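If you want the building blocks of each chain, they are given just below.
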2 protein chains.
Amino acid sequence: MKDKQQNILIIGAGLCGSLLALRLGQRGYNVTVYEKRPDLRKVTISAGRSINLAFSNRGIKAMKLVGLEDQVKALCIPMNGRMIHDTKGHTFLSPYSGRAHEYINSISRGGLNALLLDEAEKHKNVTIHFNKKCKSVDFEKTTALFKDYDTKTDFVEDADVIIGTDGAGSALRKSYYLGKKFLFSFSQDYLTHGYKELSILPKGKDDFRIFKNALHIWPRGSFMLIALPNLDGSFTVTLFLSYDEGDYNFNNLNTDEKVLEFFKKEFPDALAQMPNLLDDFNNNPTSPLGTVKCSPWHYKGNTLLMGDAAHAIVPFYGQGMNASFEDVVEFDKVLDKHLNDWETIFKVYESSRKKDTDAIADLAIDNFYEMRDHVANSIFQEKRKLEMALEQAFPGDYASKYSLVTFNEDLGYRDAMLQGRAQDKAILNMLTDGTIPTPLDVTAKELKTLLKKVKTETRDILEEDKIAGLK
Amino acid sequence: MKDKQQNILIIGAGLCGSLLALRLGQRGYNVTVYEKRPDLRKVTISAGRSINLAFSNRGIKAMKLVGLEDQVKALCIPMNGRMIHDTKGHTFLSPYSGRAHEYINSISRGGLNALLLDEAEKHKNVTIHFNKKCKSVDFEKTTALFKDYDTKTDFVEDADVIIGTDGAGSALRKSYYLGKKFLFSFSQDYLTHGYKELSILPKGKDDFRIFKNALHIWPRGSFMLIALPNLDGSFTVTLFLSYDEGDYNFNNLNTDEKVLEFFKKEFPDALAQMPNLLDDFNNNPTSPLGTVKCSPWHYKGNTLLMGDAAHAIVPFYGQGMNASFEDVVEFDKVLDKHLNDWETIFKVYESSRKKDTDAIADLAIDNFYEMRDHVANSIFQEKRKLEMALEQAFPGDYASKYSLVTFNEDLGYRDAMLQGRAQDKAILNMLTDGTIPTPLDVTAKELKTLLKKVKTETRDILEEDKIAGLK
């Protein structure tokens, strides 16, 4: 690798961009970041972006890399499981893991982003500019065109390397697509559902109206409501609903009466905690749910896409931010190899990383169906019961798909997906054919036998898939 | 449905557009077609588009619909199987089916297109204009902007309905994408391989240099050469090769010496029949291999995408044209339902059709690996041997994946894919675990037992997949 004192231009100072700036700053590069929004430490965060996010092991691993683990913990609210609410208001807690130390967290997007910006700016080789929107990138010349929202003028910046961490609507990715200078594979896939953010306000200061340490779900088959806690005692509530299908949808929920009728019928216990529902519903935007994949992520050694700019995913596995943070960890590992040039670095990074971001994109879609529907399904509940029993009894010897994805940060998403899907298939088939008794009522010895059977069946499924793939 | 005498504007008079014009003309609609190319009946077809195509049952079904089955047969050369060539020039024929009446055909793109244009123009309610390129579509106003290549002027046409059959680079689809008026899911996926057309010229008039009635394949693992016969005794040869990977690729085959060295090493028997290789190689373009999927195909009741414009696929299943022709058959079925308005017609059409065009896109990618690699693989050859034996012995009771896709025109692509993949998996696993003896040397009675086992195993696989999908 050439002289380390190179100029790296980062487009976007969101979660991925600010972490990347911090890490490259720590490594000694000259880093300049341009962000189109105002500095979120000085103004209130704009509506329409999720206020809190699920934060788990892969994200924490990235915080360890930059030495911020303890500071980030202070921003977290642990969520130990899913609290499922039925239409009568009955609830039950479905833990995320049979191991007590494994849980996910609710974290404030703004708080975390501000911390990363503060830390990045402590490095004098890192500069962050706000209110500068990237309009396009000339990836052959390694220059980017910006509009300065303060002075209303355009300007061009050049650099040795440009990295686009400018999110799902990435200007760099758009330049790849519109440039037609190379074969650019690209997909944008929208679900037929959109989402709208609502809220449950605190009773008093820091006084949570519903159970604090859970991710609440009101699964209703083709739609659902979820809620994640915030440090101030409020919950950010999100309605996932079809735009135009079903009895109730975003298009036909067009009067206050209809909205109230819908919530009264489907989410009566949530409605009781949401006197502000109509204000939220009428003032907050309805936003689409999209998946973006593309390839290549880089153009020669000049430019690279990272985070949502390279792989935007739907939110249902709580892995969007974690995956983007993991990008930085994986990129850092490639930098450690001390390769000869940026093109090789980018190639090695993409070829090891893309299979994993493709996998989490697909897993996130799977979990949409799991959360809105399967969690309320009896065979699925029996599967979770067995998996919790296995994780509790054999903590070092079994991990569910959810655990593999969420709590096993040293296993790639793709391997977690293949192993997890095979396990799910094994258990569901064993439940269906009676190998696993329902309800699950077994001795410790019988449970050990079941573990063996699940493992054998899983191995067989993976082996047969491999043969069928002629790999 | 309103007055049948509506004005339907079709963009593109390729294979799909001209068949659609003919069928809608037969149904009594006022049809106007605009095609950007010159009339191919008056000029020679431009280079770079495949000269011949695989034509099979789904395409033939469409010809029956419009009453052209016999006329089309005269353009066909039957191909009964794959003729596999190894690097020593040894060959063997792998039949497409165990039923003698099942084969595919090589057909001239130009000849077939000309026939469809001729037949469409026989209807006085059908008008076809050439040299008129569609630049964009205003799908809200149902108008299209064209450039007239003859007069060099732009003009706007309006219609009651606009249907885009303008191929993989569709202007209508581009207008959907760039318009951002609705959520448009879209993907373009390129293989790392491109293709280049070459030729084997006839010895004398109508005198084929290699076996006429086969699709010739020279499978070489990561690349391959294929050849399809033409009525004049020539073969159109296509090289599928990586752009930049492997010892030989399109980027490094940049001298005559290197091209000859490559063919001498890998395709000596083909080279012997190709004294014109270097001319072809240097004069013909290298083209990319892409898959396009999108949704929705229609905007309200105003506009609709059909054929490659809606779903471009790679050529490896020989189903591109067949799938586009099947679009017209399926669309015609929906018209037979006499629904109330175009929006309903388009919705019903897309919701029944898209799952099948998605499936053939995926199957075509699968077949890329099968053709270039697996056909030369011993376990795959054993599978084909068993399937041929089953199809011969039990013609009404067994059909391979290839047969389901190619010769079972009343089964949708998606069902063919699910059934076919499960069968493949069953057989490959039974070969691996020794349930099926290799080499296959069984009595009629033993073969019947194997058929039963394959069917049971296939059913189990489908059932287990269904349970795992919680469907």
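Scroll up to find the structure.
Fair warning: this is a prediction, and the values are worked out from it, not measured in the lab.

Undergrad: Explain the pairing of strand β9 (residues 132-138) of chain B here, please?
TA: Here is the key point about a regular strand: its side chains alternate between the two faces of the sheet. Residues and elements named next belong to chain B. As paired strands, β9 and strand β10 (residues 143-148) are joined by six bridges and run antiparallel to one another. Looking across to β10, one finds that S136 is bridged to L145. The hairpin turn running from β9 into β10, its antiparallel successor, is four residues long, and T142 in that turn takes a positive phi close to 55°.

Undergrad: Just to check I follow, could you spell out the packing of aromatic side chains for this structure?
TA: Aromatic ring pairs are defined here through the distance separating the ring centres and the angle between the ring planes. Scanning the model with the defined rule gives 68 aromatic pairs over all chains in all. Across from the ring centre of F281 of chain A, 4.8 Å away, lies the NZ or CZ of K196 of chain A, which sits over that ring.

Undergrad: Explain the relation of the copies chain B and chain A to me, please; I cannot follow it from the model alone.
TA: Here the second copy of the chain follows from the first by a rotation about an axis and a shift along it. Structural alignment of chain B on chain A gives an RMSD of 0.0 Å, achieved by rotating through 180° and translating 0.1 Å along the axis. In the structure described here, the two chain copies are related by an operation that fits a two-fold rotation axis. Minimal C-alpha separation from the rotation axis in chain B is found for S187 of chain B, amounting to 1.9 Å. A share of 100% of the interface residues of chain B reappears at the interface of chain A, consistent with the copies meeting face to face through the same patch.

Undergrad: Sorry if this is basic, but what is going on with the sheet that holds β9 of chain B here?
TA: All names here are of chain B. As summarised here, the arrangement of the three strands in space is β9-β10-β11, forming an open sheet in which the pairing is antiparallel. Each of the sheet's edge strands pairs with one partner strand only, and the pair in question is β9 and β11 (153-158). Strand-to-strand, the axes of this sheet are offset by a mean angle of 25°, without reference to chain direction. Where β10 lies against β11, six bridges are found, and the strand directions are antiparallel. Paired with K147 across the strands is D154, a residue of β11.

Undergrad: Would you explain helix α6 (residues 256-266) of chain B in this entry?
TA: One turn of the α-helix equals 3.6 residues, which is why residues spaced by three or four share an orientation. All names here are of chain B. Within the span of α6, buried status applies to V259, F262, F263 and E266. Buried residues along α6 cover an arc of 90° about the axis, so they all sit on one side. For α6, the exposed residues lying more than 90 degrees away from the buried face are E257 and K264. Taken together, the buried residues of α6 touch β13 (185-200), β15 (224-229), β16 (235-242), α7 (268-272) and α8 (277-283).

Undergrad: Sorry, what's going on with the interface of chain B and chain A here?
TA: Often the size quoted for an interface is simply the accessible area lost on bringing the parts together. Across the boundary between the two partners, chain B contributes 26 residues, which contact 26 residues of chain A. Buried area between chain B and chain A, summed over both chains or domains, comes out near 2,500 Å², and the portion from carbon and sulfur atoms is 61%. On the surface where chain B and chain A come into contact, there are two salt bridges. On the surface where chain B and chain A come into contact, there are eight residue pairs in polar contact (both at pLDDT 80 or more). When residues of the side of chain B that touches chain A are traced back to their parent elements, those giving at least two are α5 (171-179), β13, α11 (378-393), α13 (413-432) and α14 (444-468) of chain B. When residues in the side of chain B that touches chain A are grouped by element, the largest group, six residues, is from β13 of chain B. When its residues are assigned to classes, the side of chain B that touches chain A shows 13 nonpolar, seven polar and six charged.

Undergrad: What is the right way to read the pattern of salt bridges from this model?
TA: Two side chains carrying opposite charge are able to pair once their charged atoms lie near each other. As enumerated under the stated definition, the model contains 70 salt bridges over all chains in all. A salt bridge links K354 of chain A to D358 of chain A, with the shortest nitrogen-to-oxygen separation between them at 2.9 Å. With K354 of chain A and D358 of chain A both in helix α10 (residues 342-372) and four residues apart, the pair spans about one turn of that helix. Classification of K354 of chain A as buried rests on a relative accessible area of 17%. Taking relative accessible area as the criterion, D358 of chain A reaches 22% and is therefore assigned partly exposed. Between D397 of chain B and K455 of chain B there is a salt bridge, with its nearest N and O atoms 3.3 Å apart. Residue D397 of chain B is located in the loop between α11 and α12 (401-407), and its partner K455 of chain B is located in helix α14; the two are separated by 58 residues in the primary sequence. A relative accessible area of 41% places D397 of chain B in the partly exposed class. The structure contains a network of salt bridges with shared partners spanning D39, R41, K42, D118 and E121 of chain A.

Undergrad: Where do I start with the packing of helix α11 (residues 378-393) of chain A against helix α14 (residues 444-468) of chain A in this structure?
TA: Angle between the axes and distance between the axes are the two parameters that describe a pair of packed helices. Residues and elements named next belong to chain A. With their axes 11 Å apart at the nearest point, α11 and α14 run at an angle of 105° to one another. Taken as axis vectors, α11 and α14 run roughly perpendicular relative to one another. In this structure, α11 contributes L386, A389, L390 and A393 to the contact, and α14 contributes L447, L450, L451 and V454. Counted by class, the contact of α11 with α14 contains eight nonpolar, no polar and no charged residues.

Undergrad: Whenever I open this one, the nonpolar core confuses me. Can you help?
TA: Grouped together as the largest cluster of nonpolar side chains are 144 residues, with contacts concentrated most on F331 of chain A together with F331 of chain B. If we ignore the near neighbours within four places in the chain, the residues touching F331 of chain A are L20, L24, I163, L304, M306, W342, I345, F346 and Y349 of chain A.

Undergrad: Would you explain unusual backbone geometry in this entry?
TA: Most peptide bonds adopt trans geometry, and most residues besides glycine take a negative phi value. The omega angle of the peptide bond from S295 of chain A to P296 of chain A is -5°, so this bond is cis rather than trans. Mapping P296 of chain A onto the fold places it in the loop between β17 (286-295) and β18 (298-299). With omega at -5°, the peptide bond leading from T438 of chain B into P439 of chain B counts as cis. Checked against the element boundaries, P439 of chain B lands in the loop between α13 and α14. Phi at K300 of chain B is positive, roughly 45°, even though this residue is not glycine. Mapped onto the fold, K300 of chain B is located in the loop between β18 (298-299) and β19 (303-305).

Reading the values: rules and limits
Residues numbered from 1 in each chain as written. Chains lettered and ligands numbered in written order. Predicted model: local features only at pLDDT ≥ 70, side-chain atom pairs only at ≥ 80, totals over all residues. Heavy atoms only, no water. Pairing = 2+ DSSP bridges. Helix = DSSP H or I, 4+ residues; strand = E, 2+ residues; numbered from the N terminus. Phe/Tyr/Trp six-rings, centres within 6.5 Å; stacked < 30°, edge-to-face > 60°. Lys NZ or Arg CZ within 6 Å of the ring centre and 35° of its normal. Least-squares fit on C-alpha atoms with pLDDT ≥ 70 in both. Contact = heavy atoms within 4.5 Å. Axes fitted to C-alpha atoms, helices over the stretch in contact; angles between N-to-C directions. Buried < 20%, exposed > 50% of the residue type's maximum accessible area, 1.4 Å probe, protein only. Arc of directions from axis to C-beta. Buried area = accessible area lost by both parts, 1.4 Å probe. Salt bridge = Lys/Arg side-chain N within 4 Å of Asp/Glu carboxyl O. Polar contact = N/O pair within 3.5 Å; in protein donor to acceptor, adjacent residues only side chain to side chain. Nonpolar A, V, L, I, M, F, W, Y, C, P; charged D, E, K, R; others polar. Parallel < 35°, antiparallel > 145°, perpendicular 65-115°, else oblique. Core = buried A, V, L, I, M, F, W, Y, C linked by side-chain atoms within 4.5 Å.

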